Amino acid sequence: DAKTTQPPSMDCAEGRAANLPCNHSTISGNEYVYWYRQIHSQGPQYIIHGLKNNETNEMASLIITEDRKSSTLILPHATLRDTAVYYCIVSLRYAGNMLTFGGGTRLMVKP
Amino acid sequence: NAGVTQTPKFQVLKTGQSMTLQCAQDMNHEYMSWYRQDPGMGLRLIHYSVGAGITDQGEVPNGYNVSRSTTEDFPLRLLSAAPSQTSVYFCASSYSRGTDNEQFFGPGTRLTVL
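From a predicted model like this one, the values you see are computed outputs, not experimental measurements. (Residues numbered from 1 in each chain as written. Chains lettered and ligands numbered in written order. Predicted model: local features only at pLDDT ≥ 70, side-chain atom pairs only at ≥ 80, totals over all residues. Heavy atoms only, no water.)

**Quick look at the pattern of salt bridges**
This structure, assessed with the given rule, holds four salt bridges over all chains. Residues joined by salt bridges that share partners form a network here, namely Arg36, Asp38 and Arg44 of chain B. (Salt bridge = Lys/Arg side-chain N within 4 Å of Asp/Glu carboxyl O.)

Written out as structure tokens, the structure is:
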């Protein structure tokens, strides 16, 4: 699996958009970009994933650059409950390809 | 559905003791896995299973055993606990091959080895 690089921490004001970057310059053609988050000490929670097109769901948007070497997770209106560690993971699509977690980005949403 | 459940929530062991961490899922997922998370670190894969009767090693398997006799259950056994195994243990499950790799995680077991 390709490795990812994320900033260790970021701050965001409540109600503003949170943009979390991720570099994955060695990603291969059949690998997807997945985002998970871990609130406090709970189990990680799936957010979104994509291959090359931008993706949006009820939680977030994922923007992947055309060369697929980097991506950005966007939380459009961050709330205090979005304070968490966010993990960007590159993995093959199908279940069974276990996830490799890096250090993630600790997002602090401030009032 | 209860999702992925783990027991116990907390456990304190003495060095050399053995124990089993329980994990169960009621979503009929074929894939299950165990991760450990040390303070301030990301999760690391210990063992995983792609179906009943099939298990394989992950990144940090030493000191742990697993078995998968049913689809629902995937227990993790610590053979002889060591202080280096003090960690938070997460179990996860996901759908079978052919669908997206969204994994569902349990709430974790916090283990301290003295």
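Following the structure, the description resumes.
**Observations concerning the pairing of strand S3 (residues 19-25) of chain B**
Residues and elements named next belong to chain B. Of the two faces of S3, only the one carrying Met19, Leu21, Cys23 and Gln25 is buried; Thr20, Gln22 and Ala24 on the other face are not. Pairing geometry for strand S1 (residues 4-7) and S3, over four bridges, is antiparallel. Following the sheet pairing, threonine 5 is matched in S3 by alanine 24. With three bridges joining them, S3 and strand S8 (residues 76-78) adopt antiparallel strand pairing. Paired with threonine 20 across the strands is arginine 77, a residue of S8. (Buried < 20%, exposed > 50% of the residue type's maximum accessible area, 1.4 Å probe, protein only. Helix = DSSP H or I, 4+ residues; strand = E, 2+ residues; numbered from the N terminus. Pairing = 2+ DSSP bridges.)

**Structural notes on the sheet that holds strand S7 (residues 64-66) of chain B**
Residue and element names in this part refer to chain B. The strand order across the open sheet built from four strands is S1-S3-S8-S7, with neighbouring strands paired in antiparallel fashion. In this open sheet, the two edge strands, each paired with only one partner strand, are S1 and S7. Shown here is a sheet whose adjacent strand axes are inclined to one another by a mean of 20°, direction ignored. (Axes fitted to C-alpha atoms, helices over the stretch in contact; angles between N-to-C directions.)

**Quick word on the sheet that holds strand S6 (residues 61-64) of chain A**
Residue and element names in this part refer to chain A. The four strands lie next to each other as S2-S7-S6-S5, forming an open sheet whose pairing is antiparallel. Two strands bound the open sheet, and with one partner strand each, they are strand S2 (18-23) and strand S5 (55-56). By the bridge criterion, two bridges tie S5 to S6 in an arrangement that is antiparallel. Pairing of glutamate 55 across the sheet is with leucine 62, part of S6.

**Quick notes on the nonpolar core**
Ranked by internal contacts, the top residues of the largest apolar core, which has 21 residues, are Trp35, Leu73, Tyr86 and Leu107 of chain A. Elements with a minimum of two residues in this core: S2, strand S3 (31-38), strand S4 (45-50), S6, strand S7 (70-75), strand S8 (84-92) and strand S9 (105-110) of chain A. Take this core: its biggest share by element is four residues, from S8 of chain A. Among all residues touching leucine 73 of chain A, those that are not within four sequence positions of it are Ala18, Asn19, Leu20, Trp35, Ile47, Ile48, Ala60, Ser61 and Tyr86 of chain A. One finds Met32, Trp34, Phe74 and Leu76 of chain B within the second-largest nonpolar core, a separate group that totals 20 residues. (Core = buried A, V, L, I, M, F, W, Y, C linked by side-chain atoms within 4.5 Å. Contact = heavy atoms within 4.5 Å.)

**Observations regarding the side chain of threonine 105 of chain A**
Residues and elements named next belong to chain A. Counting through the fold element by element, threonine 105 comes out in strand S9. Judged by its relative accessible area of 0%, threonine 105 is buried. A polar contact is formed between the side chain of threonine 105 and the side chain of glutamine 6, at a distance of 3.5 Å. Beyond its immediate stretch of four places on either side in the chain, threonine 105 contacts Gln6, Pro7, Pro8, Ser9, Met10, Leu20, Ala84, Val85 and Tyr86. (Polar contact = N/O pair within 3.5 Å; in protein donor to acceptor, adjacent residues only side chain to side chain.)

**Remarks on the state of the cysteines**
Cysteine pairs can be covalently joined through their sulfur atoms, and such a bond is termed a disulfide. Residue and element names in this part refer to chain A. For the structure on display, the rule yields two disulfides over all chains. Here cysteine 22 connects covalently by a disulfide to cysteine 88, the sulfurs 2.1 Å from one another. On the S-S bond that ties cysteine 22 to cysteine 88, the torsion sits near -80°, and the link is left-handed. Of this pair, cysteine 22 sits in strand S2 while cysteine 88 sits in strand S8, placing them 66 residues apart in sequence. What makes cysteine 22 buried here is its relative accessible area of 2%. Assessed through its relative accessible area of 0%, cysteine 88 is described here as buried. (Disulfide = S-S within 2.5 Å.)

**Describing the packing of aromatic side chains**
Considering all chains together, one arrives at ten aromatic pairs over all chains under this definition. On the numbers, 6.0 Å between centres and 80° between planes, the contact of phenylalanine 101 of chain A with phenylalanine 105 of chain B is edge-to-face. Within this pair, whereas phenylalanine 101 of chain A is found in the loop between S8 and S9, its partner phenylalanine 105 of chain B is found in strand S10 (residues 103-105), the two belonging to separate chains. Look at phenylalanine 101 of chain A and you get buried, because its relative accessible area is 8%. Residue phenylalanine 105 of chain B is classed as buried on the basis of its relative accessible area of 13%. One aromatic cluster in this structure is built from Tyr36, Tyr46, Tyr87 and Phe101 of chain A together with Tyr35 and Phe105 of chain B. (Phe/Tyr/Trp six-rings, centres within 6.5 Å; stacked < 30°, edge-to-face > 60°.)

**Here we look at the side chain of serine 71 of chain A**
All names here are of chain A. Summarising the element assignment, serine 71 is placed in strand S7. A polar contact of 3.0 Å, which involves the side chain of serine 71, links it to the side chain of histidine 24. Ignoring anything within four residues of it in the chain, the contact list for serine 71 reads Leu20, Pro21, Cys22, His24, Val33, Trp35, Leu62, Ile63, Ile64 and Cys88.

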